[in-house]
Amino acid sequence: MENAKKEKSVDTRNFIQKLFKMKTAQEKQAEREANPEYQAIDTSKMVLVIKEGRANAAQLEKAQKVARIVGTVITYAFLLFMSLIVLFPFYWMIITSLKSTTEIRSLHQTFFPTNVLWSNYITVFNSFDFLTYVGNTLVVGIISTIGTLITTIFAAFAFARLNFRGKNVIFAILLATMMIPGEMMVITNYITVARLPWFEFSTGTAVTGWLTYKDSVFASMIVPFWVSVFYIYLLRQNFKQIPNELYLAAKVDGKSDWQYLWKVMVPLAAPTLISIFILKLMGTWNSYVWPQLVTTNNEKWRLVTNALRGSFTTTAGEPQYGIQMAATILVTVPLLLLFIFFRKYIMRGVGRAGIKG
Amino acid sequence: MAEATTPETKEIDNAELHRNALGRNEKGGAPRKKNFFQRLFKGRERVSADAGEKNNWKAWLYLAPSIILLAVFTFYPLINTIVIAFLKDYDYVKQTNAGFTLDNFGTVLGLVGQTSSQVTVYRWQCYSSVVNGTTHWWFNSGSGAISEVYFQTDVIQYALPNTLIITFVTVPISIFISLLISIGLNSIKWFKKILQTIFFVPYVTNAIAVGMVFAVLFDYQGIINFIFHLGSTPWIDQAAPTWRAMIALCIYIIWHSLPFKILIFLSGLQNIDKQYYDAAKIDCAGKWRTMMNVTVPLLSPQILYIMITSFIASFKEYTSVVGLFGSPSTDGGGTKNMYTIVYYIYDQIKGNVGYGGAAAVLLFIVIMIFTAIQFQVSKKRVYY
């Protein structure tokens, strides 16, 4: 089979060479042998030298080494260049926050502020209720994160450990919801929240007495986010890795499912739970759309991100970049601190998404 | 027994490697894996030792919080939004509507307009004329009265083209760059950890906050113009043309989307067996050939995953526009030339919910079609 293929390809080559009036291999060989110089070569005195192109083995090895070094240098240069691009906005954010408006607006841009100006930060704290917004964000973030953890632990336990009818189908339906764009939900969720009896967006007052308007704004920023299919999936994968033997041992010891969940599974899955906690908290810190929708009437209960955009422009609409950047740093630094301290958990939590596809 | 099976497995691996190295599709090779749905409905797995049926109610109790929340805030909204998309003049405060209609979709797509006297007409019933360079549409009601017709062109003129440009520019470029970076990161020895961390930093930043930083960078008196000697070219404000604003936006989106892709690709690369590279070396494959015929095929599950997620994400681009421009326009609010589909949807929530619903349904359909196409393509190109 292989030989037949080879012969066929040789035939084709010969045919093509004939077609273009080229000499075939046999003809070339015959020509060479007819040459008197060729006949005079004494094959007994020949020495075998391995050559590729014009280089011998030692040169070849050297060339390979050079190529490897050049490759490494190029790789490092590329990575360094890209990491400079990645880091440059952060650098520019920091130095802009320390510049005066005239320096920012000058024709000759400076890569370091000529006189370091801390007053931008003071302006942020004086004119911008930064601490209130941070407080709002923390309240919303922590309550919604705890709620998410509870629902996630329960659901993941049911999917990973218990058997019930329709389990796979329900799990598949949940996974399918991840593909649906959130915008489909936001429209109706806004209507749902706006039409709740204790909640009147148009007037900004609560209808009944036991919940204040503030409570209902906060509730509407928290309750819809008490469940996350992605985290259920993540935790279920983790729960499934816990060996069956532990469960059987717990059963032998007379432990109930409930005790097993909290005494064995949750501690064992602690790294994943920490990942979820931090990612969720960061999600609330960064959330923009939904808080923007439900706090239109009262800006006091906004979250940090909402407050950030659109603030610090002059009455003429010209942005005051120095102060804006100072506020931006105040929003970014907590995230970076979280990242520095929990880098492993964050990267593991995010990276887990891709492994099982 | 174990000794007997080892060489066999190796042989299969080699065959697969060979196929990959030749860049060929598998044909008559190992039996295909069951597809997603076959695996899904294969029946109850033997997961645990308990008796199954008797735990039914208990399992539902554990699931109840999630299921209730999902029912209220995910499944009901999904259906309700589709219904709203088909209702005429839906008012959610008064809970009224004027019956079933397809006009919402027509309006969003600029096919249905309204005359100055609030009569709904279709584009093919109208005729146009150009006055001072702008097109006007007119409708002849038949009784001799001619009235001007207004069409909503925000979606057709701005939102849809912008979204498509963002998708087809940022997704391929960012995948290519992040592949290069992650292959580079995977091949180096020193400073690997610190470079890896640096490349991940943009992921943990606030999209709005960094968008504002990019607004400073791309300011007409900003550093980008200064470095590249562009004078005071407007990029994002001062009524900058859409194409230039688009460049700034795409650069920002790519910058912001790199870290996630690098992380996923890197974890995929670390899982590739070193044997494949040794085999490629024996075959005297160069660096480029090894990358194209070994690395990329073996990374194809991750590439597919990234492609699908980033396609969906860029169809839903919104916060980057808010962060960079603050409003959907480069001139401070006049023409909405930086609209994306999702920006339009959010603007309509407090305007006409029906239009928003229709646009959301259209977005949903487009995303579904793209995902389905990618799954079809992946059947031929992805090696598992």
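Residues numbered from 1 in each chain as written. Chains lettered and ligands numbered in written order. Predicted model: local features only at pLDDT ≥ 70, side-chain atom pairs only at ≥ 80, totals over all residues.

Engineer: Would you mind going over the overall build of chain A with me for this structure?
Structural biologist: Scanning chain A from terminus to terminus reveals 18 helices and two strands. Put simply, chain A has 357 residues, and 33% of those count as buried. (Helix = DSSP H or I, 4+ residues; strand = E, 2+ residues; numbered from the N terminus. Buried ≥ 20, exposed ≤ 12 C-beta atoms within 10 Å, placed from the backbone.)

Engineer: Just checking my understanding: could you explain the sheet that holds strand 1 (residues 112-115) of chain B for this structure?
Structural biologist: By definition, the strands of a sheet pair up through backbone hydrogen bonds, in either a parallel or an antiparallel sense. Residue and element names in this part refer to chain B. Ordered by their spatial adjacency, five strands build an open sheet running 2-1-5-4-3, and the pairing between neighbours is antiparallel. What marks the edges here is a single partner per strand, and that holds for strand 2 (120-122) and strand 3 (126-131). With strand direction ignored, the average angle separating the axes of adjacent strands in the sheet is 45 degrees. The pairing of strand 1 with strand 2 spans three bridges and is classified as antiparallel. Residue glutamine 114 lies in a different strand from strand 2, and its bridge partner there is threonine 120. (Pairing = 2+ DSSP bridges. Axes fitted to C-alpha atoms, helices over the stretch in contact; angles between N-to-C directions.)

Engineer: Even after reading the chapter, I still don't get the domain arrangement of chain B, so can you show me in this structure?
Structural biologist: How big an interface is tends to be stated in terms of accessible area lost as the parts join. Considered domain by domain, chain B is made up of domain 1 (54-79), domain 2 (113-151) and domain 3 (155-381). Summarising the inter-unit geometry, the C-alpha centres of domain 1 of chain B and domain 3 of chain B are found 34 Å apart. (Domains from an automatic or database assignment.)

Engineer: Sorry, what's going on with the packing of helix 5 (residues 154-187) of chain B against helix 14 (residues 341-349) of chain B here?
Structural biologist: Between two packed helices, both the angle of their axes relative to each other and the distance between the axes serve to describe the pair. Residues and elements named next belong to chain B. Where helix 5 contacts helix 14, the two axes come as close as 8 Å, and the packing angle between them is 135 degrees. When the interaxial angle is binned, helix 5 and helix 14 end up oblique. Between helix 5 and helix 14, the residues in contact are Asp154, Val155, Ala159, Leu160 and Thr163 and Ile341, Tyr343 and Tyr344, respectively. Of the residues contributing to the contact of helix 5 with helix 14, the split by class is six nonpolar, one polar and one charged. (Parallel < 35°, antiparallel > 145°, perpendicular 65-115°, else oblique. Contact = placed C-beta atoms within 7 Å. Nonpolar A, V, L, I, M, F, W, Y, C, P; charged D, E, K, R; others polar.)

Engineer: Got a minute to help me understand the environment of A:Ile191 in this structure?
Structural biologist: Residue and element names in this part refer to chain A. Counting through the fold element by element, isoleucine 191 comes out in helix 9 (residues 182-195). Given 19 C-beta atoms within 10 Å, isoleucine 191 falls into the partly exposed group. Counting along the chain gives 47 residues from isoleucine 191 to asparagine 238, while the straight-line C-alpha distance between them is 36 Å.

Engineer: Sorry, what's going on with the interface of chain B and chain A here?
Structural biologist: If you look at the interface, chain B gives 84 residues, while chain A gives 77 residues. Among the elements that line the side of chain B that touches chain A, the one with the most residues is helix 3 (residues 56-85) of chain B, at 18 residues. Across the side of chain B that touches chain A, the residue classes break down as 55 nonpolar, 24 polar and five charged.

Engineer: Explain helix 6 (residues 192-200) of chain B here, please?
Structural biologist: Working note: α-helix, 3.6 residues per turn, so residues spaced by three or four point in the same direction. Residue and element names in this part refer to chain B. For helix 6, the set of buried residues is Leu195, Gln196, Phe199 and Phe200. Looking straight down helix 6, one finds that the buried residues subtend no more than 135 degrees of arc, so they occupy a single side. Facing away from the buried side of helix 6 by over 90 degrees, the exposed positions are Lys193 and Ile194. (Arc of directions from axis to C-beta.)

Engineer: Please explain the environment of A:Val193 as it appears in this structure.
Structural biologist: All names here are of chain A. Following the sequence through the fold, valine 193 ends up in helix 9. What makes valine 193 buried here is the crowd of 21 C-beta atoms within 10 Å. For valine 193 and alanine 219, which are 26 residues apart along the polypeptide, the C-alpha to C-alpha distance reads 9.4 Å.

Engineer: I would appreciate a short explanation of unusual backbone geometry in the present structure.
Structural biologist: Across the chain, the bulk of peptide bonds are trans and the bulk of non-glycine residues have phi less than zero. Residues and elements named next belong to chain B. A positive phi angle, close to 50 degrees, is found at aspartate 89, a residue other than glycine. Position of aspartate 89 among the secondary structure elements: in the loop between helix 3 and helix 4 (103-108). Residue classification places aspartate 89 among the partly exposed residues on the basis of 14 C-beta atoms within 10 Å.

Engineer: I keep staring at the pairing of strand 3 of chain B and nothing clicks. Help me out?
Structural biologist: For a regular strand, side-chain orientation follows a simple rule: the groups alternate between the two sheet faces. Residue and element names in this part refer to chain B. Taking burial as the measure, the six residues of strand 3 include zero buried ones, a minor fraction of the element. As paired strands, strand 3 and strand 4 (residues 134-140) are joined by six bridges and run antiparallel to one another. Within strand 4, the position partnered with valine 131 by the bridge is threonine 134. Counted along the chain from strand 3 to the antiparallel partner strand 4, the turn is two residues long, and its residue asparagine 132 has a positive phi close to 55 degrees.

Engineer: Whenever I open this one, the nonpolar core confuses me. Can you help?
Structural biologist: In summary, soluble globular proteins display a tendency toward joint burial of nonpolar side chains. Residues and elements named next belong to chain B. Counting 157 residues, the largest nonpolar core has Ala248 and Ala359 as its most contacted members. Top element by residues in this core is helix 9 (residues 242-270). It accounts for 15 residues. Taken domain by domain, this core gets at least three of its residues from each of domain 1 (54-79) and domain 3 (155-381). Apart from residues no more than four positions distant in its own chain, alanine 248 is found in contact with Phe214, Phe218, Trp235, Ile236 and Leu324. (Core = buried A, V, L, I, M, F, W, Y, C linked by C-beta atoms within 7 Å.)

Engineer: Teacher, can you tell me more about the environment of A:Pro291 here?
Structural biologist: Residues and elements named next belong to chain A. Tracing the sequence through the fold places proline 291 in helix 15 (residues 289-294). Classification of proline 291 as buried rests on a count of 23 C-beta atoms within 10 Å. Distance from proline 291 to valine 217, taken between C-alpha atoms, is 8.8 Å for residues 74 residues apart in sequence. If near-sequence neighbours (up to four positions away) are discounted, proline 291 is found in contact with Met221, Arg302, Leu303 and Asn306.

Engineer: Looking at this structure, how should I read the confidence of the model for chain B?
Structural biologist: Low-confidence regions, as indicated by low pLDDT, have predicted coordinates that should not be scrutinised in detail. Residues and elements named next belong to chain B. Taken as a whole, chain B shows an average pLDDT of 80; of its residues, 84% reach a score of 70 or greater. pLDDT under 50 marks residues 1-15. Its contacts with residues more than four places away, or in other chains, come to two contacts. Here residues 42-52 scores under 50 on pLDDT; set against residues more than four positions off or in separate chains, the count is 12 contacts. (pLDDT = per-residue confidence, 0-100.)

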